[in-house]
Structures are given as C-alpha cells and as structure tokens.
Amino acid sequence: MDNISEYINRITHLANRNKELNAQLHNLVGRYSQIQQQNDKFNELLTRFNETGEAPSRDIIARKQGKKVEHLRTVSLLYISVGGFENLSQMQDQSGLIDILDEIYISIDKVAEEYNISKIKSFGDNILFAAGLNNEYRTNPINITLAANKMQAAVSNLSPATEEAPFWKVKMGIHTGPVLAIDAQKQHNPSSISGDNINVTCRLGEACPPGKINMSEMTYELVKEFFNISHLGSMPVKYKGALNMFLINGLNENLRAEGNPFEANDSFYTKYGDIQFMDIQEKILDLLEKNLPSNLFYHNVKHTVDVVTEVELIGWAEGLNEEEILLLKVAALFHDAGHIMDYKHHEHQGTLLAKQILPRYNFSQERINSICRLIMATKLPPNPQDKMEEVMCDSDLDYLGRTDFIPVSNTLYRELREREMIGSWQEWNEMQLRFIRNHQYFTKTAQNLREVNKQQQIERLKHLINNKTADINIEK
C-alpha cells in the first residue's frame, strides 16, 4: 500500500505542477493579449481613416493584396547583433577576419536550421529569427534558447581572440509574445512579421553585454526550469513599463553534459519531452476527434485518454524511469489512432502515423522504434516481452478489472455489431467470459488493483449467460 500511495502522490504532484505551469503561461500570455486587443482597435481605427486618405496599416495592405495574415499569440523571437567592425581597420589580417565572419554567419544559419527556426530578415549586421510561425509549440521558447546557446558557443570557437576578448562580439536578445505574421509569398523568406514585440526583442539584444544572451521575463517564465538564469536588471518600454531582463548562463547543472554548460544531456531531453508531450497529445486527440468514425463506441478518444492515464499510473508504480514513462504515454496516444484508416489492422496503421508525425517533433529514430514496438504490443492476444510492454498491455485492457466493465463491454459489443463481427448478445457474453477467463494481468500493480474485480466480472457474466431472461437489446 505504501508503494501505491507513493506513486499516487507523485502523479498528484505532477498534475498540480502541470496546472501551475499552464496557469503561469495563461497569465503571461494574457498580459500580451490585452495589448493585442488594443492593437486590433487601432487597426480598426486605421481602417476608418483609410476612407479619409490616411495611410493604411500593414495588415490591411496585406489583406487587400490577397496575402494570408495571422495574429500569432506566442512566437519566440531571437535578435542577433554582430559587433567588431569598429576595430577592423586597426587589424592587419582584415581579409582573414572577414572570412571568419562569414563562417560565423554560416554556423548561425546551420544552428537555426537544426532547431527549425525561421530567419525573418537581416539588416546590416543584425539578424532576426523566429520560432513558432508554423506551429505554436510549447517548446518553441526552449528551442530558440537552445539555439542561441549553440550559436554563441560557435561564435566563441570561431572568433579569434585579441589581448582582451574575442574580436567578433555577438549580442543576443530573446522575447516571446504575439506578432502579426504575413505570408510574404517568397521562397527564400516565406513569412514576414510585424508588431511591438520585434522592437522589444531588438532592445533586449542591444542591452545585452557582448558574448551574452539576454531574455525577457515572458521567455524566462517559460524556460526557467531548464536554464541557469540570472537577473540582469530592467529597462523601460513605452506603454509597458519596466521590462525585467535575464541573462542565460547555460543549462541547469543537472541537465547539462559533463564539462559543457551549453550541451544538453539525457535528463534534459526527458524533461523536454514531458512538455513536448502536451503538444503531441493536443495534436493527436484533435486528429482523433475529427477523423475517427462516429460508430467507434469503444475505441474512441475516451479510451485513448484512459490508456494514457493508466500507463503513467502503472508505469510509476512498476518503477519505470521518466524516459520510459514518456515513451509509453506517446505510444498510448497512437495505439488506436490507426482506426482512422483500418479497423482490423489499426495497430500497424498506428505505427505508420507515429513514423509520419513524430519526426516533426525531433524524436530520434530509436525513440520512434520503441514507440512502434509498444503500439504493436497491444495486438491481441497480448504477449509482452518486457516490463514496458507489460505496462502497455495491462493499461489497454484495464477495463476488464474495473467496476464499469459491463457498460464498457456493451460499447465494444455495439461497435463490433455495427461491423457485423459478432452475433447475438448471448454469444457476446459467452465470448467475453472465455476471453476474461484466459486473460491475465502481467504487472504486480495491475494484479493488485484489478484482479479481484476481474473475478467479480466473471461471476456477473456467468449470471447474465445463465439467466437468459436478462438478455437485452444493447441497441435500445
């Protein structure tokens, strides 16, 4: 009982922490939403002024030109400013320094591509990047901070040092908030953005000490659990008051590779995956709600959510680590998603969906292979080969030992009857009785929690079969 209480307390703590993080995000985004509402009012006024000959706003011009305009609520911006040109004339090897500068720009672009960050524009010695124009993932602020760290490390390695400091000095600013995104309809630069938050990001970069990364409070709140951050001070921003600034000093000690404060370790990616999971869950559940056949009365969104919950509960109780729990939760999301394409072979179709979708979230091939293996473990009859597969199988058939077994079983009968895969209600009960008698839970946790109740369900099925007068039409 102590073990059960311990993992229940742990799950409760995780759930409360998720609620706290979501509340913080909602609060922070709400501040900027108020500003966005004011901007919308200003745009409406500008529309009226157009009738009197005043200049139209940028989004109005874009709409008149047939371009797609979107108000994005949480885009993370990165401003980069390269310094050192003021001392270039004093150096003997000017050509060599320019070559190094070219390598710096190439390295910055490579890192941006690695983290799927869009270059918005270059102006002079400054560059503006954005994360979240295509997908407003919860991990975008983390991605852009990781990218900035890696860019700054690349600059330090490439830039030759003078007697006092590296010759090429790079300042960076990061901010997260709403922007107006306009489809530029250009292959080399598909989007352009506008809004006050661009100016805020640029000011953060200019206020940053050379060789450092400066970020706003909005971004700080979204990434503080991953990075070692110190308060730099504050700067006044028109209409927004004093804006707190924070310096990034690399990853937190327990999340960094040994000897390198800017390189993430396995613990980082597991913690990162927990946040990433919320984006994946949102996408897959939305996909299921929109595309699952309406006559899936058992294998529906509710069943998927139930299995996601169970793999976490049973997994913690069985002593699995955070990475294993994450893989189980992702597999649970996909394990019945294949019903969108094929009823009989939905497990295989689920693995195909996972292979198609998960690379977009930078899941490694090793992770994807493990997830696909867990999906296929739910294929009947269950035959798990390791502890993770045991947890997956027990979670998928958890209803066999629940008090609501009969009503849940009724939905499965109705689903099979619609597909002409089962006969009478009596035949169904007899088949269920055979199945549940031969079934076994594999983990000690499921055995302790569900086995006794499962035996009670066997007695209930016996009663239904023997008492034919209780036979009912499930479709009524």
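Above this text is the structure in question.
About the criteria used
Residues numbered from 1 in each chain as written. Predicted model: local features only at pLDDT ≥ 70, side-chain atom pairs only at ≥ 80, totals over all residues. Heavy atoms only, no water. Phe/Tyr/Trp six-rings, centres within 6.5 Å; stacked < 30°, edge-to-face > 60°. Buried < 20%, exposed > 50% of the residue type's maximum accessible area, 1.4 Å probe, protein only. Lys NZ or Arg CZ within 6 Å of the ring centre and 35° of its normal. Helix = DSSP H or I, 4+ residues; strand = E, 2+ residues; numbered from the N terminus. Contact = heavy atoms within 4.5 Å. Polar contact = N/O pair within 3.5 Å; in protein donor to acceptor, adjacent residues only side chain to side chain. Core = buried A, V, L, I, M, F, W, Y, C linked by side-chain atoms within 4.5 Å. Salt bridge = Lys/Arg side-chain N within 4 Å of Asp/Glu carboxyl O.

This part takes up the packing of aromatic side chains. With the rule as written, the count across this model stands at ten aromatic pairs. Judged by centre distance (5.2 Å) and plane angle (90 degrees), the ring pair of F268 and Y269 falls under edge-to-face. When its relative accessible area of 0% is taken as the criterion, F268 is described as buried. On the basis of relative accessible area, Y269 is assigned to the partly exposed category, the value being 39%. Ring geometry for Y399 against F405: centres 5.8 Å apart, planes inclined by 15 degrees, an arrangement best described as stacked. An aromatic cluster is defined as three or more aromatic residues linked by ring pairs; in this entry it consists of F226, F268, Y269 and Y272. Geometry around F123 places K121 over its ring, the cationic atom sitting 5.8 Å from the centre.

Here K171 shows up in strand β4 (residues 169-183). For the pair K171 and N214, spaced 43 residues apart in sequence, the C-alpha to C-alpha distance is 8.1 Å. Among residues more than four places away in sequence, those in contact with K171 are Y79, I80, S81, G205, E206, C208, P209, P210 and K212. Polar contacts involving the side chain of K171 include one to the main-chain carbonyl oxygen of E206, which spans 3.3 Å.

Further remarks concern the nonpolar core. In this structure, F334 and L358 are the most contacted members of the largest nonpolar core, which totals 61 residues. Here the element with the most residues in this core is helix α9 (residues 322-334); it accounts for nine residues. Excluding residues within four positions of it along the chain, L358 makes contact with I280, V330, F334, F363, I368 and I371. Residues I80, I174, F246 and I275 belong to the second largest nonpolar core, which totals 42 residues.

Counted under the stated rule, the structure contains 20 salt bridges. In this structure, the salt-bridge partner of R138 is E282, at a minimum N-O distance of 3.2 Å. Of the two residues, R138 is situated in the loop between β3 (126-131) and α4 (140-158) and E282 in helix α7 (residues 266-291); the sequence distance between them amounts to 144 residues. Overall, R138 belongs to the partly exposed group, its relative accessible area being 28%. Ionic pairing is found between R367 and E323, a salt bridge with its closest N-O pair at 2.9 Å. Of this pair, R367 sits in helix α11 (residues 365-376) while E323 is found in helix α9, placing the two residues 44 residues apart along the sequence. Using a relative accessible area of 13% as the deciding quantity, one classes R367 as buried. On the accessibility criterion, E323 (22% relative accessible area) is partly exposed.

That bond from L380 to P381 is cis: its omega, -5 degrees, falls within 30 degrees of zero. In this structure, P381 sits in the loop between α11 and α12 (387-396). At N116, a residue that is not glycine, the phi angle is positive and equals roughly 60 degrees. For N116, the position within the fold is in the loop between α3 (94-114) and β2 (118-123). N116 gets classed as exposed once you look at its relative accessible area, which sits at 61%. In the Ramachandran plot, E420 falls in the positive-phi region, its phi being about 55 degrees despite a non-glycine side chain.

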